[in-house]
Amino acid sequence: MTANEKLALLRLKMQDEGIDWFLIGSSDYHASEYVGDFFKVSEFFSGCTSDNVLLLIGRENAYLWTDGRYFISAAKELAGSSITLMKSGEKGVPTLEEFLRENVKKGETLAFDGRTINAEAGAAYDDILMEAGASLITDIDPADGIWKDRPALPVHPIFLVPDELAGASFAEKLEAVRGAMAEKKADYLMLSRLDDIAWLTNARGNDIFCNPVMLAYALVGKDSFHLFTEEEEVTDEFDDYCADRDITLHPYETVLDFLEGFSFDGSVMLEKSATSDAIYQIIANKADVVLAANPTERMKAVKNPVEIENIKKTYLMDSVALTHFIYWFKTNVGKMKITELSAAENLDARRAALPGYIELSFPTISAYGANAAMAHYAATEENQAEVEPHGFLLVDSGGQYMGGTTDVTRTMAAGELTAEEKRDFTLTLVANLNLLNARFLYGATGKVLDTYARSPLWEYGINYNHGTGHGIGYILNVHEGPQNIRWKFNPGQKEVPFEAGMIISDEPGVYIEGKYGIRIETILLTEAGIENEYGQFLKFLPLTWAPIDLDAVDTAYMQPRDIARLNDYHAKTFEKLAPYFEGEELAWLREATRPLPLIDKLTKQL
């Protein structure tokens, strides 16, 4: 069926149920960014594969909101459908909330599946509808009866991260969480976010592709711990693990009924943006609610010494594999057939051969030429480009290992470049180096740090429609909060100070639709710097050690300090990688990380 045919069936269902508007998000029951196939309802109805989608279907029209990472790809995917693309954040484009205020009329009804919309958003929609004199239905799954071949919920065995690899036991983490509950005078904590639960229990799964988590809920009490997981996923080892730690297991699908029947003898702490509207409504009707950020989020964001040591080793191992791939690409491009997929497969195979490998941390983005202008482009067997000896190949990739989660982007010259391509690559490089070398006082947030990266591009009237940096989990999700780096924070987004031990990506870029895309991503560890009369300073340590393609650099767009910073990064990169290379590859690595001359020249002007 086409998207229009599926929408027609949904509209028949809406007519039968007396629904005027149906809202479908792209999340699952856990406010996840990436979801399993069972939960891809917005993709089923729209054909849009973006990870951040709000699809609003009316009786006659339909609208899809997504962010700047997906504007180009979403436009292509929606072509031929009756769905209007709403480019979030663009001038003249209303937010979903603004659109509802303008268009929902008195007496109308909006529906959404309350399990897939978080409580914070649900409350906002409820307020809008009350103001309009409209009503809300939250117990209908739009896919029921329409998505005939809907995939089943995933079932994969749960596995454990040993305490010596986690750096802290479940008991130690639980004690810290209960301490945070006590500070908020809460008797219970409701956890729905999958990576929060995986971190706290030191358990992992394979229920979301590239995200080693299991479908689960947790209700933490002062002296109880209820864990809801799929029964088929519970191994004998995990069953014994839970029994030894007084973790009471329940079937995953019983969570709503359990909460309905549970006698809360105190207040319940939860985060509305991380809890489904369905769960929030049940708890709010039975107990006092303490609204606060999940304490697990910050705890897992600040890596402990064991995690940091393992992460450093894992990133070095991952960087070696990536650099071997770069050597293969640079020495073979133009001499043999290389496609976007064959390049990705070459790199993926190198990671899979590394010790402790679990899976990729996200599907490898291998994008040549104009395809790289789509920040989250995905090549397929039927739709992929062959790399020609000119322009750029952008490769964004990472792996999950028993020792860390990696993420890195390198953009490589495939051959001849235009002056414009070299300029934009160099500006992106300077942006990356600016952030990498930032020094800042404790208390600074990602809004302050973002200007380090964007200012070299803004000086030339260039911008990129995504954040500059995101946190990264430890054998967990490749995107992790609460820390992030962006120049503006939209409602609901967290802006928190950076702490020593937090990991962040540094990934500015330039994307010229129809021409090329450039992104350079280095992962950074936040460390304590000097402390003096002005306070505690923080700085970043690179975790990624992989060459920047000097064939794409035009030093006319660099100041001497920029060149010195690049030379320093490359000197350290060679020192760390050289023991893993020999012969022709070692000679190539030495040339790829050679110092550029420090020429005192004026930067080209606008």
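Here goes a summary of the coordinates provided. As the structure is a prediction and not an experimental result, all values here were calculated from the model.

Analysis parameters
Residues numbered from 1 in each chain as written. Predicted model: local features only at pLDDT ≥ 70, side-chain atom pairs only at ≥ 80, totals over all residues. Heavy atoms only, no water. 1 Å grid on protein atoms, 1.4 Å probe; cavity = no way out; pocket = protein on both sides within 12 Å on 5 of 7 lines; lining within 4 Å. Points joined across faces, edges and corners; volume = space filled by probe spheres on them. Helix = DSSP H or I, 4+ residues; strand = E, 2+ residues; numbered from the N terminus. Nonpolar A, V, L, I, M, F, W, Y, C, P; charged D, E, K, R; others polar. Patch = residues over 30% accessible without salt bridge, like charges linked within 9 Å, V, L, I, M, F, W, Y side chains within 5 Å. Areas by Shrake-Rupley, 256 points an atom, 1.4 Å probe, with all protein chains shown as cover. Salt bridge = Lys/Arg side-chain N within 4 Å of Asp/Glu carboxyl O. Buried < 20%, exposed > 50% of the residue type's maximum accessible area, 1.4 Å probe, protein only. Pairing = 2+ DSSP bridges. Axes fitted to C-alpha atoms, helices over the stretch in contact; angles between N-to-C directions. Contact = heavy atoms within 4.5 Å.

With respect to empty space enclosed by the protein
Counted under the stated rule, the structure contains 1 cavity of 30 Å³ or more. Size it by volume and the largest cavity reaches roughly 100 Å³. For the largest cavity, the lining is made up of 13 residues, of which Ile24, Val41, Asp113, Thr116 and Pro142 are closest to its centre. When residues of the lining of the largest cavity are assigned to their parent elements, the largest contribution, 3 residues, is made by strand β1 (residues 21–25). In the lining of the largest cavity, the residues fall into 6 nonpolar, 3 polar and 4 charged.

Quick look at a nonpolar patch on the surface
Taken together, the side chains of Met1, Leu9 and Leu12 define a hydrophobic patch exposed on the protein surface, amounting to about 300 Å² of accessible area. Within the fold, Leu12 resides in helix α1 (residues 3–17).

With respect to the pattern of salt bridges
A side chain of one charge can pair with a side chain of the opposite charge if their charged atoms are brought near each other. By the definition in use, this model includes 25 salt bridges. Its salt-bridge partner being Asp20, residue Arg59 comes within 4.0 Å of it at the nearest N-O pair. Separated by 39 residues along the polypeptide, Arg59 in the loop between β2 (54–58) and β3 (62–66) and Asp20 in the loop between α1 and β1 bring together distant segments of the chain. On the basis of relative accessible area, Asp20 is assigned to the buried category, the value being 16%. When the shortest N-O distance is used, the salt bridge between Lys494 and Glu271 registers 2.4 Å. Highlighted residues: Lys494 in the loop between β23 (480–485) and β24 (503–506) and Glu271 in the loop between β13 (268–270) and α11 (277–284), separated in sequence by 223 residues. Among the residues examined, Lys494 registers a relative accessible area of 25% and is labelled partly exposed.

Overview of the sheet that holds strand β16 (residues 365–368)
Strand order across the open sheet formed by 3 strands is β16-β17-β20, with antiparallel pairing between neighbours. In the strand order of this sheet, the two ends are held by β16 and β20 (408–413), each with one partner. Neighbour-to-neighbour, the strand axes of this sheet turn through a mean angle of 10°, independent of strand direction. Bridging between strand β17 (residues 392–397) and β20 involves 6 bridges; their strand directions are antiparallel. Directly across from Ser397, in β20, lies its bridge partner Val408. Sheet strands in contact with helix α13 (residues 305–332) are β17 and β20, and its direction is about 15° off that of β20.

As for the sheet that holds strand β15 (residues 357–360)
Strands sit in the order β15-β18-β19 across an open sheet of 3 strands; the sheet is antiparallel. The two strands at the open ends of the sheet, each matched to only one other strand, are β15 and β19 (404–405). In terms of strand pairing, β15 meets strand β18 (residues 399–401) through 3 bridges, oriented antiparallel. If you follow Leu360 over to β18, its bridge partner there is Gly399. Across the sheet, α13 touches β18 and β19, and the angle it forms with β18 is around 135°.

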